[in-house]
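Structure at a glance
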Amino acid sequence: MRSLRNPEKLLGVLPFAVLGLVWWLVTATGVVHRNVLAGPPEVWRATTDLASRGLLQDDIVTSLLRLVLAMAVSLVLGVGLGLLAGLNRPVSDFLLPLVSFFNSISGIAWIPLAIVWFGLGTVTVTFVLVNSIFFLIFFNTVLGVRSVPAVLENAVKTLGGGRRELVLQVYLPGALPFIMSGIRGGFGFGWRALIAAELTAATSGLGYLIYNASNYARGDQILAGIIVIGALWIVIDMAVLAPIERRTVQRWGTVRQV
Amino acid sequence: MRGAVSTADTKIVADGLHFAYRSQEREPVVALTDVSFEVRAGELLCVVGPSGCGKSSLISLIAGLARPQQGRVLVNGRTVRGPGADRGVVFQELGLMPWRTVNGNIGQGLEIARVPRARRDEVVARFVAMIGLGGFEERYPHELSGGMKQRVALARTLAADPTVMLMDEPFAAVDAQTRVTLQKDLLRISMQTGKTIVLVTHSVEEAAFLGDRVMVMTRRPGRVKEIIDVPIPREERDYDALAHDEPFNALRVEITNSVRAELW
């Protein structure tokens, strides 16, 4: 509710209102025919219909679980390998060209091969997502580790700290602002790749909901799915990611001006 | 051992140190050469010299953060081979963890030493009181003034209870008024704790005011030019009183001239 009292935040809601109004006008007046673009009332009905049958909720949960699973795998791999590469010249010299090569390949390019390997479903989708998220987290972790001032390392060493303390008390928290922005960006990349992957490589989830609706020429359901996808993202970003960032890196005053 | 006689109350021995490093342009720079001196237990030794005379390198070598190409440093009779909690450092850039509160920063050394929580809290509270930062325990470094951060860095080093404290231009980044306060704090705390302290500074004023002895370095490559006694007990050191103290002013002029002779 606080955001409603904030005029700047309100300004961000305005474009949605304008867009909605234009949408409603062009469909209600018949400028664009209903069969081409369903209007707000139809899409609303499609949404409530899908929700009343529990289909929408199931697909949302499926998609979110896949995203969280892929993020968890990417975090473990990305932060782990990122720390290794950030702290070790030889390791980074060894890893970086390889990682750069794979980073240039869009995650969804792996969909055909992943289908051959893992069939349709969560494993394939997760594989594609990890391919989209991992690199961002890895590169951010490397960058974050390298950005930690040497004096922090020296401080912990002269307090008697060894390798373990250096990683846990210096490099990990020092790299956290970068890792956080990697997570945030990774969720964004992952969310887009997720829908793309589910369009072709799954039999459930929001992407599949859209794909399936197109088989039945249900433009209203397609739009319903798309709006849910966009709205869910805003909720994830505002309700989950931004507060985490506020509670950690902003409070420490270590947010980098990029 | 050249020119150094070690006794029971000798805390630090620097023996024939030669130290070179590579500059950012990859040029070798000889920071220190043939540096030998001793620091007695409980002594406060100030090191002065022109910029680039290797004062900071000296701190790194004693701390074990760098290794000399020749010679060695002994602390408590043992050769320094790496950093350790027995030699605390107050860095010029402080190096406080931005993600730790005042309490968290001060207690970091104890945490590393696996001191139990209850005992740790007790020690931290004592040092917070000593540096007069009561009420700021849960603040983060970026919320503190320069002088407060400086005190936290000092308390963090003290709380880890090192036998030797190394301070690299600790008061260079604070305003003049705060500096005087911090210097008085350091004198008081040094008397309370009896720590052996090596303090590097570019300020002759500061060196004469704080040091039991002042070691003057030559310009690069740094050597020990001379070591000057300041025969004034620490409890009698007071800026106002010393400002009109003839012997003290004479010493100050002597040290100033000695440093100035190295400026060209």
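Please read all numbers here as calculations on a predicted model, not as lab measurements.

Rules used throughout
Residues numbered from 1 in each chain as written. Chains lettered and ligands numbered in written order. Predicted model: local features only at pLDDT ≥ 70, side-chain atom pairs only at ≥ 80, totals over all residues. Helix = DSSP H or I, 4+ residues; strand = E, 2+ residues; numbered from the N terminus. Buried ≥ 20, exposed ≤ 12 C-beta atoms within 10 Å, placed from the backbone. UniProt positions renumbered as here; feature names shortened; annotations may be inferred. Expected span 1.5 Å × (residues − 1). Bend = angle between axes of the 7 residues up to and from the residue. Axes fitted to C-alpha atoms, helices over the stretch in contact; angles between N-to-C directions. Parallel < 35°, antiparallel > 145°, perpendicular 65-115°, else oblique. Left-handed = near helix turned anticlockwise from the far one by under 90°. Contact = placed C-beta atoms within 7 Å. Nonpolar A, V, L, I, M, F, W, Y, C, P; charged D, E, K, R; others polar. Pairing = 2+ DSSP bridges. Right-handed = clockwise from strand over helix to strand, strands pointing away. Core = buried A, V, L, I, M, F, W, Y, C linked by C-beta atoms within 7 Å.

A word on the overall build of chain B
Per the secondary structure count, chain B includes 9 helices and 10 strands. With 264 residues in all, chain B has 42% of them scored as buried.

Points about the UniProt feature "domain: ABC transmembrane type-1" (unreviewed entry) in chain A
The sites that carry the UniProt feature "domain: ABC transmembrane type-1" (unreviewed entry) are, in the present numbering, residues 60-240 of chain A. End-to-end, the C-alpha atoms of residues 60-240 of chain A are 16 Å apart, and along that stretch the chain is 87% helix and 0% strand.

Examining the UniProt feature "transmembrane region" (unreviewed entry) in chain A
Residue and element names in this part refer to chain A. The feature "transmembrane region" (unreviewed entry), as given by UniProt, occupies residues 64-87, 94-118, 124-145, 166-183, 189-210 and 222-244 in the numbering adopted here. Between the C-alpha atoms that bound residues 166-183 there is a distance of 23 Å. The span itself is 100% helix and 0% strand. A distance of 19 Å separates the end C-alpha atoms of residues 189-210, which is 82% helix and 0% strand.

Observations regarding helix 8 (residues 163-201) of chain A
When the terminal C-alpha atoms of helix 8 of chain A are compared, their 43 Å separation across 39 residues is substantially less than the 57 Å that a helix rising 1.5 Å per residue should span. If you look at helix 8 of chain A, its biggest bend is around 50°, right at A:Leu176, and the proline A:Pro177 turns up within four residues after that.

A closer look at the packing of helix 3 (residues 55-87) of chain A against helix 8 of chain A
Residues and elements named next belong to chain A. Between helix 3 and helix 8, the shortest axis-to-axis distance is 8 Å and the interhelical angle comes to 140°. Classed by the angle they form, the pair helix 3 and helix 8 counts as oblique. For helix 3 against helix 8, the interelement crossing comes out right-handed. Judged by residue contacts, Ser 63, Arg 66, Leu 67, Ala 70, Met 71, Ser 74, Val 79, Leu 83 and Leu 87 of helix 3 engage Val 167, Tyr 171, Ile 179, Gly 186, Phe 187, Gly 190, Trp 191, Leu 194 and Glu 198 from helix 8. Of the residues assigned to the contact of helix 3 with helix 8, the class counts are 12 nonpolar, 4 polar and 2 charged.

Concerning the packing of helix 5 (residues 146-159) of chain B against helix 6 (residues 176-193) of chain B
All names here are of chain B. The geometry of helix 5 relative to helix 6 is characterised by a closest axis approach of 11 Å and an angle of 15° between their N-to-C directions. By the angle between their axes, helix 5 is roughly parallel relative to helix 6. At the point where helix 5 passes helix 6, the crossing takes the right-handed sense. Contacts from Gly 146, Gly 147, Gln 150 and Leu 158 of helix 5 reach helix 6 at Thr 178, Thr 181, Leu 182, Ile 189 and Thr 193. Taken together, the residues that form the contact of helix 5 with helix 6 break down as 3 nonpolar, 6 polar and no charged.

A closer look at the sheet that holds strand 4 (residues 70-75) of chain B
All names here are of chain B. The 4 strands are arranged 2-1-4-5 in an open sheet whose pairing can be described as antiparallel. Looking at strand neighbours, the two that pair on one side only are strand 2 (28-40) and strand 5 (78-79), the edges of this open sheet. Both strand 4 and strand 5 contribute to a ladder of 2 bridges, which runs antiparallel. Looking across to strand 5, one finds that Leu 74 is bridged to Thr 79.

Some words on the interface of chain A and chain B
Chain A puts 16 residues into the contact, and the matching count from chain B is 21 residues. For the side of chain A that touches chain B, the secondary structure elements donating two or more residues are helix 7 (150-158), helix 8 and helix 10 (219-252) of chain A. Top element by residues in the side of chain A that touches chain B is helix 7 of chain A. It accounts for 6 residues. Across the side of chain A that touches chain B, the residue classes tally to 6 nonpolar, 7 polar and 3 charged.

Digging into the sheet that holds strand 10 (residues 224-229) of chain B
Residues and elements named next belong to chain B. Pairing in this open sheet of 6 strands is mixed, and the strands run 6-7-8-3-9-10 from one edge to the other. With one partner strand each, in any of the chains shown, strand 6 (87-90) and strand 10 form the two edges of the open sheet. Going across the sheet, the axis of each strand differs from the next one's by a mean of 20°, ignoring polarity. Relative to strand 10, strand 9 (residues 213-217) is paired through 5 bridges, and the arrangement is antiparallel. In the strand pairing of strand 10, Val 214 is matched with Ile 228. Across the face of the sheet, helix 5 comes into contact with strand 6 and strand 7 (164-168) while running at roughly 175° to strand 6.

With respect to the pairing of strand 7 of chain B
Residue and element names in this part refer to chain B. Burial within strand 7 is extensive, with 5 of its 5 residues counted as buried. Residue alternation in strand 7 divides its side chains into two sets, Val 164, Leu 166 and Asp 168 and Met 165 and Met 167, and both sets are buried. Pairing between strand 6 and strand 7: 4 bridges, direction parallel. The partner of Val 89 across the bridge, within strand 7, is Leu 166. Chirality of the crossover, the property in question, places the unit of strand 7, helix 6 and strand 8 (residues 196-200) among those that are right-handed.

Observations concerning unusual backbone geometry
All names here are of chain B. Cis peptide bonds are those with omega within 30 degrees of zero, and the linkage from Arg 220 to Pro 221 qualifies with -5°. For Pro 221, the position within the fold is in the loop between strand 9 and strand 10. Phi is positive for Arg 26, which is not a glycine, with a value near 70°. Following the sequence through the fold, Arg 26 ends up in the loop between strand 1 (10-22) and strand 2. By the C-beta count within 10 Å, which is 6 here, Arg 26 ends up exposed. For Asn 76, which is not glycine, the phi dihedral falls at a positive 55°. Along the chain, Asn 76 falls in the loop between strand 4 and strand 5. The partly exposed category is assigned to Asn 76, around which 15 C-beta atoms lie within 10 Å.

Some thoughts on the nonpolar core
Counting residues in each nonpolar core, the largest one holds 130 residues, and the members touching the most others are A:Val128, A:Leu129, A:Ala197, B:Cys46 and B:Ile62. Apart from residues lying up to four places away in sequence, B:Cys46 is in contact with B:Leu199, B:Thr201, B:Ala207, B:Leu210, B:Gly211, B:Val214 and B:Met215.

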